[in-house]
Amino acid sequence: DYRTLLLSDALFVNHRLAEFYGLSADAAEDFVEVPLDPRERSGVLTHPYLLAAFSYQRSTSPIHRGVFLTRNIVGRALKPPPVAVAFKDAEFAPNLTMREKVAELTRPQACQSCHSVINPRGFSLEHYDAVGRFRTSDNDRPVNAESDYTTDEGRTIRLTGARDVAEFAARSEQAQNGFIEQLFHQVVKQPMLAYGPDVMSQLRQSFEASEFNLQKLVVEIATHSALHRVEKQVAQKD
């Protein structure tokens, strides 16, 4: 179930990883599934690998994490920044939290056109350090993961952490469509629109009918791709 990908509160860990992340697990070298507090873990959004991939070496990166969540989890497009501004940690006051540093860096109005969308999502993951361990403080101050996020439809949603982002994406048609499109491109290695304007609606209809079954979606994508190639070959022969 696609929704489980976002909402699962379990991780697979071995003994070393369980010790590193402070988890209680009856594990040796083999990986075992460990159920965790759903307020602390929510599917791929809080998977340590993803959190570490979108961090700096020694600190989190709400901007990188926020961009990933916006484009790849919620399915919302972002324009390239008009000016690329490097994050230089040494230029900020040493007592600031990462959230305060990012808020200061992106305060200009020219930045807010995108960062009003990016930042709330990135801040929602501030309970996780640079390697994905859950934390309650940053720079000896309480973590603030709450923000107001305005949807494409103009609704304002209060995000208090990763679970809120995951639940929003699990219900969002825009997020589901974005996932279908990305999976199509990953499987077929071509844009979906190259296979016709109706492919998205057809795939979405079957995806919903299957209760968001990922295996069936992959089969549907492969079938659409194969039929399209056959139809194209037939048309060329005619």
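Treat the numbers as computed from the prediction; the structure is a model and nothing was measured.

Trainee: Please explain the overall build of the protein as it appears in this structure.
Mentor: When you go through the protein residue by residue, the secondary structure sums to 10 helices and six strands. For the protein, the C-alpha atoms occupy an extent of roughly 70 × 50 × 30 Å along the three principal directions. Here the protein holds 238 residues, and 41% of them are scored as buried. Sequence-distant contacts in the protein: of pairs separated by 6 or more residues, those separated by 24 or more amount to 59%. Within the structure as shown, the protein displays about 14,000 Å² of accessible surface, and the carbon and sulfur contribution to it stands at 52%. A distance of 5 Å separates the average location of the 27 positive side-chain charges in the protein from that of its 31 negative side-chain charges.

Trainee: When you look at the layout of surface pockets in this model, what are you seeing that I'm missing?
Mentor: Rolled over the atoms, a probe as big as a water molecule pinpoints where empty space is left. Taken as a whole, the largest pocket encloses approximately 490 Å³ of empty space. In terms of lining residues, the largest pocket is bounded by 22 residues, among which Ile-63, Pro-81, Val-83, Val-85 and His-115 are the most central. Those elements that provide at least two residues to the lining of the largest pocket are α4 (62–73) and α6 (109–123). Broken down by element, the residue count for the lining of the largest pocket peaks at six residues, all from α6. The residue makeup of the lining of the largest pocket, split by class, is 16 nonpolar, four polar and two charged.

Trainee: Would you mind showing me how to read a nonpolar patch on the surface here?
Mentor: Taken together, the side chains of Phe-12, Leu-17 and Phe-31 present a nonpolar region at the surface, about 310 Å² in accessible area. Of note, Leu-17 is situated in helix α2 (residues 15–20). Residue Leu-17 is classed as partly exposed on the basis of its relative accessible area of 31%.

Trainee: Whenever I open this one, the pattern of salt bridges confuses me. Can you help?
Mentor: Side-chain pairing between opposite charges can occur once the charged atoms of the two side chains come close. This model, assessed by the stated rule, comprises 13 salt bridges. Residue Arg-39 is joined to Asp-37 by a salt bridge in which the shortest nitrogen-to-oxygen separation is 2.8 Å. Its relative accessible area of 70% is what places Arg-39 among the exposed residues. When salt bridges that share partners are traced, they join Asp-1, Arg-3 and Glu-211 into one network.

Trainee: What should I look at first to understand the side chain of Arg-76 in this one?
Mentor: Inspection of the secondary structure puts Arg-76 in the loop between α4 and α5 (98–105). The class of Arg-76 is buried, set by a relative accessible area of 14%. Within the structure, the side chain of Arg-76 is placed 2.8 Å from the side chain of Asp-152, a separation counted as a polar contact. Leave out the neighbours within four places in its chain, and Arg-76 touches Thr-70, Arg-71, Val-117, Tyr-149, Thr-150, Thr-151, Asp-152 and Gln-174.

Trainee: Can you walk me through the nonpolar core in this structure?
Mentor: Across soluble globular proteins, nonpolar side chains show a tendency to be buried alongside one another. Core analysis: the biggest nonpolar cluster contains 39 residues, and Leu-6, Phe-184, Leu-203 and Leu-217 have the highest contact counts within it. Contact partners of Leu-203, with chain neighbours within four places excluded, come to Ile-180, Phe-184, Met-192, Leu-217, Glu-220, Ile-221 and His-224. Membership of the second largest hydrophobic core comes to six residues, among which are Phe-87, Phe-92, Met-98 and Phe-123.

Trainee: Is there a simple way to think about the environment of His-15 in this case?
Mentor: Mapped onto the elements of the fold, His-15 is located in helix α2. Assessed through its relative accessible area of 42%, His-15 is described here as partly exposed. Once residues lying within four places of it in the same chain are set aside, the contact partners of His-15 are Ala-27 and Ala-28.

Trainee: What exactly am I supposed to notice about α6 here?
Mentor: Note on helix geometry: an α-helix contains 3.6 residues per turn, so any two residues three or four positions apart are oriented the same way. The largest bend in α6 comes to about 60 degrees, at His-115. On its buried face, α6 sits against α4, α5, β5 (147–150), β6 (156–159) and α7 (162–171).

Trainee: Before we go on, may I ask you to explain the pairing of β6 in this structure?
Mentor: Along any regular strand the residues' side chains alternate between the sheet's two faces. Side-chain alternation along β6 places Ile-157 and Leu-159 on a buried face and Thr-156 and Arg-158 on a face that remains uncovered. Bridge count for β5 against β6 is four bridges, and the pairing is antiparallel. Within β6, the residue paired with Tyr-149 across the bridge is Ile-157. Hairpin connection from β5 to β6: five residues lie between these consecutive antiparallel strands, with Gly-154 at a positive phi of about 90 degrees.

Trainee: What am I meant to see in the confidence of the model for the protein here?
Mentor: Detailed conclusions should not be drawn from predicted coordinates in areas where pLDDT is low. Here the protein averages 92 in pLDDT, while 100% of its residues score no lower than 70. Per-element mean pLDDT across the protein ranges from 86 in helix α10 (residues 214–237) up to 97 in strand β3 (residues 137–138).

Trainee: What's the story with α4 in this structure? I'm lost.
Mentor: For α4, every residue scored as buried is listed here: Pro-62, Arg-65, Gly-66, Phe-68, Leu-69, Thr-70 and Ile-73. Lining the buried residues of α4 we find α1 (2–7), α3 (48–53), α5, α6, α7 and α8 (173–188). At the exit of α4 stands Gly-75, carrying a positive phi of roughly 75 degrees.

The rules behind each value
Throughout, residues of each chain are indexed from 1 in the direction in which the sequence is written. Local features in a predicted model are, by the rule used here, given only for residues with pLDDT of at least 70; side-chain atom pairs are given and counted only at 80 or more, and totals for whole chains, interfaces and linings are based on all residues. For side-chain calculations, the full set of non-hydrogen atoms in the structure is used, while hydrogens and water are omitted. Each helix corresponds to a stretch of at least 4 residues labelled H or I by DSSP, and each strand to a stretch of at least 2 residues labelled E; elements are numbered beginning at the N terminus. Residue exposure (1.4 Å probe, protein chains only): buried if accessible area is under 20% of the type maximum, exposed if over 50%, otherwise partly exposed. Any pair of residues with heavy atoms lying within 4.5 Å of one another is described as a contacting pair. Reported accessibility uses the Shrake-Rupley method at a 1.4 Å probe radius. Residues are deemed covered only where the shown protein chains occlude them. Only four residue types enter the charge count, namely Lys and Arg as positive and Asp and Glu as negative; His and the chain termini do not. By convention, charge coordinates are those of NZ in Lys, CZ in Arg, CG in Asp, or CD in Glu. The way it works is a 1 Å grid over only the protein atoms, where trapped points that fit a 1.4 Å probe form a cavity and open points with protein on both sides within 12 Å along at least five of seven lines form a pocket, and then any residue with an atom within 4 Å of a point lines it. Grid points are joined across faces, edges and corners, and a volume is the space filled by probe spheres set on the points. Each residue gets one label: Ala, Val, Leu, Ile, Met, Phe, Trp, Tyr, Cys and Pro are nonpolar, Asp, Glu, Lys and Arg are charged, and the others, such as Gly, are polar. Residues enter patches when they are more than 30% accessible in relative terms and free of salt bridges; like-charged ones are connected within 9 Å and nonpolar ones (Val, Leu, Ile, Met, Phe, Trp, Tyr) within 5 Å. Take a side-chain nitrogen of Lys or Arg and a carboxyl oxygen of Asp or Glu: if they are within 4 Å of each other, that pair is a salt bridge. Pairs of N or O atoms within 3.5 Å make up the polar contacts considered here, provided that, within protein, one atom can donate a hydrogen while the other can accept it, and that residues adjacent in sequence are counted only when both atoms are side-chain atoms. To form a nonpolar core, buried Ala, Val, Leu, Ile, Met, Phe, Trp, Tyr and Cys residues must be joined to one another through side-chain atoms within 4.5 Å. Fitting axes to the seven residues that end at a residue and to the seven that start at it, the angle between those axes gives the bend at that residue. Two strands are said to pair when DSSP picks up at least two bridges between them. Per-residue confidence from the predictor is given as pLDDT, running between 0 and 100.

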